[in-house]
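# Structure assessment
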Amino acid sequence: MNNDEHTGATGQGDRAVHGGGTGPEPDRAAATRDRLAEAATAAFAEKGFAGTTTRDIAAAAGMSPAALYVHHRSKEELLYVISRAGHREALHTVRSAAASSDDPATALRTLVHDYALQHARGSTRARIVNYELGSLTPEHFTEIREMRRDIEHEVRTLVARGITAGVFDTPDRDFAALALLSLGIDIARWYRPHGRWSPETVARGYADMALRIVGCTDTRQTRSGKDAATR
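Since we're looking at a predicted model, the values are computed, not measured. Sequence order as written defines residue numbering, which begins from 1 separately in each chain. Local features in this predicted model are restricted to residues whose pLDDT is 70 or higher, and side-chain atom pairs enter the listing and the counts only when it is 80 or higher, whereas totals over whole chains, interfaces and linings include all residues. Just so you know, side-chain values use all the structure's heavy atoms and leave hydrogens and water out.

## Side note on the packing of aromatic side chains
Two rings from Phe, Tyr or Trp (for Trp, the six-membered ring) form a pair when their centres sit within 6.5 Å of each other. Planes less than 30 degrees apart are called stacked, planes more than 60 degrees apart edge-to-face, and all others tilted. Taken as a whole, this structure holds three aromatic pairs when the rule is applied. Geometrically, the ring pair formed by Phe 44 and Phe 49 is tilted, given 5.2 Å between the ring centres and 55 degrees between the ring planes. This pair shows no difference in class: Phe 44 is buried, exactly as Phe 49 is. Relative to Trp 197, the ring of Trp 190 lies with its centre 6.0 Å away and its plane at 90 degrees, an arrangement referred to as edge-to-face. The rule is simple: take the accessible area with a 1.4 Å probe, protein chains only, and divide by the maximum for that residue type; under 20% is buried, over 50% is exposed, in between is partly exposed. Residue classification places Trp 197 among the partly exposed positions, given a relative accessible area of 39%.

Given below as structure tokens:
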């Protein structure tokens, strides 16, 4: 991958995509699609996209292979649905955090904390979303890539705000933004729920490191932002 390698995802089922439903039948269909997405996530995590069959996914969801095709045309479409939901959630997280404070240091702390927390809590899904991009069709990959670029833009803009305000001291805005986002993405590779650190511990530690990466010079705001990022 190229400089687009900087986003994560831990979203649940993409209900907004599937339609929420106004009665029992649409709701039941949405619930079935959510169950298929969860089963596909588990199967892709265990066997990889290439090693997973539609039969594997259907069995994990407690359905027949034929029933899967009622909701999705292929396993690639399932991967796309999972990836789209996760990237939408990641973009929302980043945008909300970036706009959460006028102080760049506080906003960046919140952004990295929330982004890292999202990846740690949903590390299995985030691993699929970030490391199976090459299995998407060109059309689907293009759509996901645009969301990844939107995420990168939000972080670059926030770092630039801090530099302009004299709060951050880093020679390369784009490099700093890429480093910050790579921190979050890599959590999906190594984090395990029953390991040494809780998701909150990881998120706080990454938020601290983020301010050092951008050369945060406002130690007063750094201290006050620490509590704000975890509320």
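## Considerations on the side chain of Thr 41
In this fold, Thr 41 is placed in helix H2 (residues 24-51). Relative accessible area serves as the criterion here: at 5%, Thr 41 is assigned to the buried category. When checking whether two residues touch, look at their non-hydrogen atoms; a contact exists if any pair is within 4.5 Å. Apart from residues no more than four positions distant in its own chain, Thr 41 is found in contact with Ile 82, Thr 124, Arg 125 and Ile 128. Here a strand is any run of E in DSSP of at least two residues, a helix any run of H or I of at least four, and the numbering for each starts at the N terminus.

## Details of helix H8 (residues 138-164)
Expected helix span is computed as 1.5 Å times (number of residues minus one). Taking 1.5 Å of rise per residue, 27 residues should cover 39 Å, and H8 covers 38 Å from first to last C-alpha, within 8% of that figure. Turning to H8, its buried residues are His 140, Ile 144, Met 147, Arg 148, Ile 151, Glu 152, Glu 154, Val 155, Arg 156, Leu 158, Val 159 and Gly 162. Where the residues of H8 are buried, they touch helix H5 (75-98), helix H6 (104-121), helix H7 (123-131) and helix H9 (173-190). At the exit of H8 stands Gly 166, carrying a positive phi of roughly 80 degrees.

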